[in-house]
Amino acid sequence: MALWDRIKESASSMQTQLEAKKNDLKSGAFRDASMAMCALVAAADGTIDPSERQRVAALIASNDVLQNFPADDLQRRFNNYVNKLTADFAFGKVSVLQEIAKAKKKPAEARAVIQIGIIIGGADGDFDKTEQAVVREACFALDLPPHEFDL
């Protein structure tokens, strides 16, 4: 199986798992951590181009789990995290990872945040090494083993 097919299959499987837990994923910590994760993955290579912003906007608009929250609120939060990362990536990354870590109190939310990161990372068909690395760092922030997500 080609790498791209495995990424698509994994993202699809994770989306199905997220949808099954939709009713458990309504907290503010999950909302904030998922948008922080989207920003971190989008900025993984040090820049955020318009297509990456577009992918996050599409995820916000179409993801059943994120429908638990107002889209404009999610977009505003995502943009705030992006601004932190683009102002000073190293410092912003510490702040964003702290936000992600707030979801670790609830294991289902923590796993869902990682799954969203993988979905966003694979949305362009290339879940590259820099994106995998920041998702792996988020696993550590959430006390989750990266190998659970094939990272």
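Named according to an unreviewed UniProt entry, the protein is TerB family tellurite resistance protein originating from Streptomyces microflavus.

### Let's talk about the overall build of the protein
Counting secondary structure elements, the protein contains 7 helices and 0 strands. Listing the helices and strands of the protein from first to last along the sequence gives α-α-α-α-α-α-α. Within the span of the protein, comprising 151 residues, buried residues form 49% of the whole. The long-range fraction of contacts in the protein, counting pairs at least 24 apart against all pairs at least 6 apart in sequence, stands at 76%. Carbon and sulfur atoms make up 52% of the accessible area of the protein, which amounts to about 7,300 Å² in all.

### A closer look at helix H5 (residues 89-101)
Along its 13 residues, H5 runs 18 Å from first to last C-alpha, staying within 8% of the 18 Å computed at 1.5 Å per residue. Among the residues making up H5, those that are buried are Gly92, Lys93, Ser95, Val96, Leu97, Glu99, Ile100 and Ala101. Its buried side turned inward, H5 meets helix H2 (28-42), helix H4 (71-87), helix H6 (107-122) and helix H7 (129-141).

### Quick notes on the pattern of salt bridges
Tallying each qualifying case throughout the model produces 9 salt bridges. A salt bridge links Arg31 to Asp32, with the shortest nitrogen-to-oxygen separation between them at 2.8 Å. In terms of burial, Arg31 and Asp32 fall into one category: buried. The closest approach of N and O atoms between Lys106 and Glu109, which form a salt bridge, is 3.9 Å. Given a relative accessible area of 46%, Lys106 falls into the partly exposed group. Given a relative accessible area of 2%, Glu109 falls into the buried group. Where salt bridges share partners, they join Arg31, Asp32, Asp73, Arg76 and Arg77 into one cluster.

What counts and how
Throughout this document, residue positions are counted from 1 along each chain, in the order its sequence is written. With pLDDT at 70 or above as the cut-off, local features in this predicted model cover only qualifying residues; side-chain atom pairs require 80 or more to be listed or tallied, and sums for whole chains, interfaces and linings still use all residues. As a convention, hydrogens and water are excluded, and side-chain values are obtained from all of the structure's heavy atoms. Strands here mean DSSP runs of E at least two residues long; helices mean DSSP runs of H or I at least four residues long; both are numbered from the N terminus. Each residue gets one of three labels from its accessible area relative to the maximum for its type: buried under 20%, exposed over 50%, partly exposed in between, using a 1.4 Å probe on protein chains only. Every residue pair with non-hydrogen atoms within 4.5 Å of one another is taken to be in contact. Method for areas: the Shrake-Rupley scheme with a 1.4 Å probe, in which residue coverage is limited to the protein chains shown. By definition here, a helix of n residues has an expected span of 1.5 Å times n minus one. Salt bridges are counted wherever a side-chain nitrogen of Lys or Arg sits within 4 Å of a carboxyl oxygen of Asp or Glu.

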